[in-house]
Amino acid sequence: MTLTSWFILSLLVAAVSGSPLSPSLTHDAADDPLDPLYAHVEDQDASKDLGVGAEEGGRTGVLDMPEPTTEEEKDKVERFDPSRLNYTALRLELDAELERVNKREGKLIGESRLPSFLSNLGKFLDFEMVVKEIETSIMSTMSCNACKAGVGLLQHYVQNGKTKEDIIRAASKLCTSFKIETPRVCFGVIHLMADEVVYVIENLAMSPDEICGFVIGDICGTPYNPYHEWRVAFPPVQKPPVPRPEPPPEGMPTFKVLHLSDTHFDPEYQEGSNADCNEPLCCRANSGVVRSPDKRAGYWGDYRKCDTPARTIQSMLENIAYLHPDIDYIIWTGDLPPHDIWNQTRESNLNILRSTVQQLINYFPYVPIFPALGNHEAAPVNSFPPPFIVGDYGVSWLYDELDRQWQHWLPQDTSPTVRKGAFYSVLVRPGFRIISLNMNYCNNKNWWLLLNSTDPAQELQWFIYELQGAEMRGEKVHVLGHIPPGHHDCLKVWSHNYYSIINRFESTITAQFFGHTHFDEFELFYDEYDRHRVTNIAYIGPSVTSYYKLNPGYRIYTVEGDYEGSRKLVTDHETWVMNLNEANRDGHVRWYQLYSAQRAYNMRNLLPQEWNHLVHKMMIDDDVFQKYLRYYWKNSVAREECHAECKKRMLCDLKSGRSNDRKVTCAKIEAHEKLQERNDWTNWIFSGITVTSLVVAVPVAAIAIPKLLFFFFY
């Protein structure tokens, strides 16, 4: 949820060239090969007609470019062509400016002058918007252009023999000059991530179009790249007939399951500190001066960019242990460290892991816990190299410790796959299996996947093997993970393969559980050949952290228990929250049940078909959608408004178990919106027609219509 590893470095270097400028808009550059806006021959030849069938390194890139989403964006995009930028000139001017700064100041901090072509960037590129899009993973073509220009310049630096220190200096200068972040965040993030980013760029054979299309997804076009087009192999076993969906019988035994996600524990949280700082994480002693009383961090947490104090997590766990002493097992879907991504080390993140594990053991000493890995556990954040990356860049420092900590609850035979890729399969009880996946192998902010995204660690192929065995043994399976497979952060190729697996084993997989978004939501899966038939559902649990504008929360599921024919279906779920505003105001905490899904939405059961029906109800009944919206934000008083475009996006999210495929997954919602708009106009026209108006209108029409006919036809 913060500025992310690979993309921030390319964006910071991109600031020099990420603006939608055009040579014709500034001055005549046609005869100046060193003009930064002139397409120099060495660059133009390499990028000419990129995306329209141009060959790059012997490969053909077919690019399906999307349309800009707003008129302002359209204007800016039309005035900018990343492929025409002269990276040599950009680098020379930036190097000259850095040399001037060094001679004058001996440091990069400060409001020093930038070259003229840089000083005009604010007119053409909304950096605040681009940064926000990176944080929220909701991208536009503006971010796409920034990405392409940034990657191009970064590649140019590497290809021209610039050192890592040169790149760090340039990126740091740009970051601070454009105030993308505070100086300490700029320097911290860039220094932390530079080694690995430069390593990837040095070993990468992809064009900016290919990289940005791969990372950002459909909004940035989809160039074909055979290195990132792959399909998993299914065993030659025919898919069994899918039985008619039937709800569980009344009175069956049940399990009670706790779902914890995204705790983001901040050991440095300080009450009364600045909660409104200009950094990715506030509410710390070093977050700056508190300008007014309303900017102070609350005792129990804060709705602004602040993570969870220890006392709030302790209060939650005490509440759960007291109110829910009959929990059968816990699913725990990751993201433990805070959002101070510029200030983290491997050891600091491991300490958070160890302390959180011990805390869960203390409160639930006899309850089985099934964990999944989040994207924030790595340092740098989102850095999860595949197994072929070893040595200093490898991730065994994390996976080995995960194995040691998770062995408190998992059997010994899970150790090989946890140490290989942080995934595992465990038989919970006869006929019931839990499979935990490492969703960082679908994380589009995991830059290591640029080197090779083909089923990292063979996780999905292993997943198929486990599911085929479960199917043959008649087991039912629940799947755990962190990043939801339909979320924008999940790579398209990985997500589409995962979707096919869910489709093939829909009778075996009876529930999925994820986190990551911090919101209270879900995703639906549909038959790949019959888009009207819903096949599965992924529950996305609420976050413990209040980051950002949220109440802390957790989820309780009721699941079919052990009996003959049990499918281990979820029969209901409850979301429990703490009213953060009330707690900070009154000084005491109240955890309460916000809603039960079955009661709140008047659902007959929680089969995927009922959830699909609920989405349809939200489309046509705004009262139902507003109720969902309140629960989505966990009843936060700081929640944002949601108008027509926001509503359409949220409903599309619910129907998108497959990422970067919204033209297909959201087709019905788009059609309904157009129909609704047409009906609104019809209703508006006819709502003004009354008996009185008809009395007046008919004689007028009798005179006017013949005149109109004469005007048009004679």
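Everything below is about the structure printed above this text.
Because the structure is a prediction, the values reported are computed rather than measured.

All told, the structure shown has 6 disulfides when counted by the stated rule. The disulfide bridge from Cys175 ends at Cys186, spanning 1.8 Å between sulfur atoms. Linking Cys175 and Cys186, the disulfide has an S-S dihedral of approximately -70° and is accordingly described as left-handed. Of the two residues, Cys175 is situated in helix α9 (residues 164-177) and Cys186 in helix α10 (residues 183-202); the sequence distance between them amounts to 11 residues.

One way to put it is that helix α16 (residues 459-473) packs onto helix α17 (residues 492-504) with a least axis distance of 11 Å and a crossing angle of 5°. Relative to α17, the element α16 lies roughly parallel. Along its contact with α16, which presents Glu459, Leu460, Phe463, Ile464, Leu467, Gln468 and Glu471, the element α17 presents Trp494, Asn497, Tyr498, Ile501 and Arg504. Of the residues in the contact of α16 with α17, the class split is 7 nonpolar, 2 polar and 3 charged.

With respect to the helices and strands, Asn444 occurs in the loop between β7 (432-436) and α16. Not counting chain neighbours up to four residues away, the residues in contact with Asn444 comprise Val215, His488, Asp489 and Leu491.

What follows covers the sheet that holds strand β3 (residues 254-260). One open sheet accounts for 6 strands, arranged β5-β4-β3-β12-β13-β14; its pairing is mixed. Two strands lie at the open edges of the sheet, namely β5 (369-371) and β14 (591-596), each paired on one side alone. Recorded for the sheet is a direction-independent mean angle of 25° between the axes of neighbouring strands. Taken together, the 4 bridges between β3 and strand β4 (residues 329-332) define a ladder with parallel strand orientation. Within β4, the residue paired with Leu260 across the bridge is Trp332.

This next bit is on the pattern of salt bridges. When the charged atoms of two side chains with opposite charge come close together, those side chains can pair. Taken as a whole, this structure holds 36 salt bridges when the rule is applied. Among the ionic pairs, Glu268 bridges to Arg284, the shortest N-O distance being 3.8 Å. In this pair, Glu268 is assigned in the loop between β3 and α12 (310-323) and Arg284 in the loop between β3 and α12, connecting sequence segments 16 residues apart. Glu268 gets classed as partly exposed once you look at its relative accessible area, which sits at 41%. A relative accessible area of 3% places Arg284 in the buried class. One salt bridge connects Arg354 with Glu401, and the closest N-O pair in it is separated by 3.2 Å. Residue Arg354 is located in helix α13 (residues 346-363), and its partner Glu401 is located in helix α14 (residues 396-406); the two are separated by 47 residues in the primary sequence.

Criteria and thresholds
- Residues numbered from 1 in each chain as written.
- Predicted model: local features only at pLDDT ≥ 70, side-chain atom pairs only at ≥ 80, totals over all residues.
- Heavy atoms only, no water.
- Disulfide = S-S within 2.5 Å.
- Helix = DSSP H or I, 4+ residues; strand = E, 2+ residues; numbered from the N terminus.
- Axes fitted to C-alpha atoms, helices over the stretch in contact; angles between N-to-C directions.
- Parallel < 35°, antiparallel > 145°, perpendicular 65-115°, else oblique.
- Contact = heavy atoms within 4.5 Å.
- Nonpolar A, V, L, I, M, F, W, Y, C, P; charged D, E, K, R; others polar.
- Pairing = 2+ DSSP bridges.
- Salt bridge = Lys/Arg side-chain N within 4 Å of Asp/Glu carboxyl O.
- Buried < 20%, exposed > 50% of the residue type's maximum accessible area, 1.4 Å probe, protein only.

That's the geometry; what it means functionally is another story.
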